[in-house]
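Below are the chains, spelled out letter by letter.
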Amino acid sequence: MRRWPSPRHLEAVVRPPPTIISRKYSAEAHAAPGTSAALLPFPKPDPFKLLAPQLSELRLSLLSLLESGHPSLSQITRYYFLHPSKQIRPLIVLLFSRATNGLGREWEKKLWESEREGAGGRAEELDQPLTRPDVLNDWNPAMPTNTANFNTVFSLRPLAPHRPLVPTYSAPKHRAPPKLYSPTYVLPTQTRLAQIVEMMHTASLLHDDVIDESSLRRGSPSAPAAFGNKLSVLGGNFVLGRASGALSRLGDPEVTDLIASVLSNLVEGEILQTKEVRTNAETKKEGDVKGEHTVRCKDAWNIYLQKTYLKTASLMAKGARAAVTLGGCKEGEIWREIAYAYGRNLGIAFQLVDDILDYDSASATLGKPGGADLQLGLATGPALYAWEEHPEMGELIQRKFEKAGDVGQARDYVSRSSALQRTRELAQRYADKAKEVLSELPESEAKSALEVLTERVIGRKS
Ligand code: FPP
Ligand code: MG
């Protein structure tokens, strides 16, 4: 088993010194008279309020990444960004950037690249195509390029001039002990990553609303309801295309690998969700009830949690890890492992709560039809727990709640069992683990906000 160097010995040096963390952000600023300020944690910041200006700016500026020469395409690709999501994925990326920048082995290099023209890390450079425009032919009116003429055959073009020499970074001989760089600084590449993860999430929703035949999203007509299925699917693919280009311009093959793998995870998760749950309703008739039932329930739980990781937690986990990687953390440094573990546990807790809310009739008033999962034939956490207590639920799960009255009957089993309570307890265990893995990070306001986020995910009502 790989052994990570324990970061405990770094604690003294990574605790931000007063010159870096202003008094406004320091523990001392919040000390009650007569208490030892150094022992006090940062107060609980509201993660969404803390980053509200950055999230709003990030969302508006990403609209320019989506411009196209076709107004109908632009209309649909912008649609879900104009009815914003909670932006939890970009929030995680930004908070992990703030909570770890300065700690990684290659932080100085990443910072240097973000300040040096031609080194690929400056904000303007992230908008520059890597390929010559007449080959790329990706017309974005928001970023003028020379769109080639299509009226004639394409002749060999003169060779493009060589790119200017990329300045090379030379690492200092002695590296200063790792410490947090600043309470608020985020690299341009990390901000762009936050936009990319939101674009990928939105692209998946454009597809998901076609698959789920959803008529509403966030209280407004869904994209398929407003523009039709074809445009929703094409629009989602277009967003993915632009996100892929932006990903390549981050210039980090490992991050490209990580984030590209989320795309396959999302699709695998969606496929796994459609898989039959083997309830073995038949063996019940044969008398082999107890042992078989337990095995089937375990099997179904395993698939359900795997699906939940792939569909929901993967983007959070890999997005967080990619943010820390862009900040110069390399193989063998624990900060990336913390980011992944946090995102993975938080993502699963988030989806479990989502699945509980689906049984809450009040959620129907929040722009989401309550009971949508059962209508779609999906047995989520609450249904699986109810099945453990009411084996008869197995038959309903097996036929995907298709018979008249099945949905009502399933809701009844759920409400006559401890299913919702147990699902909540499970979500709490994942959220607690997400909070626990943060303990190795040096104290900062961003770390506190990540801790608060684990509580918000459990307490959310929509
Ligand atoms: C929402 O789930 C959907 C997702 C989190 C992922 C959907 C993934 C795909 C459709 C695969 C294709 C992906 C891409 C990137 C092309 P939900 O239906 O449980 O939640 P909802 O109630 O918000 O719709
Ligand atoms: Mg859906």
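What counts and what doesn't
- Positions within a chain are numbered from 1, following the residues in the order the chain's sequence is written.
- Chains carry letters and ligands carry numbers; both start at the beginning, A for chains and 1 for ligands, and go up in the order they are written.
- Where totals are concerned, whole chains, interfaces and linings use all residues; where local detail is concerned, this predicted model gives features only for residues with pLDDT of at least 70, and gives and counts side-chain atom pairs only at 80 or more.
- For side-chain calculations, the full set of non-hydrogen atoms in the structure is used, while hydrogens and water are omitted.
- UniProt positions are given in the numbering used here, feature names are shortened, and annotations may be inferred rather than shown by experiment.
- Buriedness for pockets is judged along seven lines, at least five of which must meet protein on both sides within 12 Å for an open set on the 1 Å grid over protein atoms alone, while cavities are sets there where a 1.4 Å probe fits but cannot get out, and lining residues have an atom within 4 Å of a point.
- Grid points are joined across faces, edges and corners, and a volume is the space filled by probe spheres set on the points.
- Each helix is a run of DSSP H or I of at least 4 residues and each strand a run of E of at least 2, with the numbering of both proceeding from the N terminus.
- Under the grouping applied here, Gly and all other residues not named as nonpolar or charged are polar, the nonpolar ones being Ala, Val, Leu, Ile, Met, Phe, Trp, Tyr, Cys and Pro and the charged ones Asp, Glu, Lys and Arg.
- Nitrogen, oxygen and sulfur within 2.8 Å of a metal are treated as its donors, or within 3.2 Å for sodium, potassium and calcium (Na, K, Ca); water is not counted, so a site can appear incomplete.
- Using a 1.4 Å probe on the protein chains alone, a residue whose accessible area is under 20% of its type maximum counts as buried, one over 50% counts as exposed, and one in between counts as partly exposed.
- Angles here are taken between N-to-C directions and fall from 0 to 180 degrees, while the axes themselves are lines fitted to C-alpha atoms, restricted in helices to the stretch in contact.
- An angle below 35 degrees is treated as roughly parallel, one above 145 as roughly antiparallel, one from 65 to 115 as roughly perpendicular, and anything else as oblique.
- Two helices crossing with the near one rotated counterclockwise from the far one by less than a right angle form a left-handed crossing, whereas a clockwise rotation gives a right-handed crossing.
- Contact definition: two residues touch when any of their heavy atoms are within 4.5 Å.

As named in an unreviewed UniProt entry, the protein is (2E,6E)-farnesyl diphosphate synthase, taken from Hypsizygus marmoreus. Heading Cofactor (unreviewed entry) of the UniProt record for the protein holds this comment: "Mg(2+)". If you open the UniProt record of the protein and go to Sequence similarities (unreviewed entry), you find "Belongs to the FPP/GGPP synthase family."

### Details of the layout of surface pockets
Of the volumes computed, that of the second largest pocket is approximately 670 Å³. Around the second largest pocket sit 28 residues that line it, and Gly 118, Ala 119, Gly 120, Gly 121 and Glu 125 are the ones nearest its centre. It is helix α6 (residues 107-115) that provides the largest number of residues to the lining of the second largest pocket, a total of 4 residues. Taken together, the residues of the lining of the second largest pocket sort by class into 9 nonpolar, 8 polar and 11 charged.

### Brief notes about the coordination of the magnesium ion (ligand 2)
In ideal tetrahedral geometry, four donors around a metal make angles of 109.5 degrees, whereas ideal octahedral geometry with six donors gives angles of 90 or 180 degrees. In the first shell of the magnesium ion (ligand 2), the protein supplies Asp 208 (OD) and Asp 212 (OD), at 2.0 to 2.1 Å from the metal. There is no split in this pair, since Asp 208 and Asp 212 are both buried.

### Some remarks on the packing of helix α8 (residues 188-211) against helix α11 (residues 253-274)
At a closest axis distance of 12 Å, the pairing of α8 and α11 adopts a crossing angle of 15°. As far as their axial angle goes, α11 and α8 are roughly parallel. The element α8 and its partner α11 pack so that their crossing is right-handed. Here Leu 193, Ile 196, Met 200, Ser 204, Asp 208 and Ile 211 of α8 lie close against α11, whose contacting residues are Val 255, Ile 259, Val 262, Leu 263, Leu 266 and Glu 270. Classifying every residue of the contact of α8 with α11 gives 9 nonpolar, 1 polar and 2 charged.

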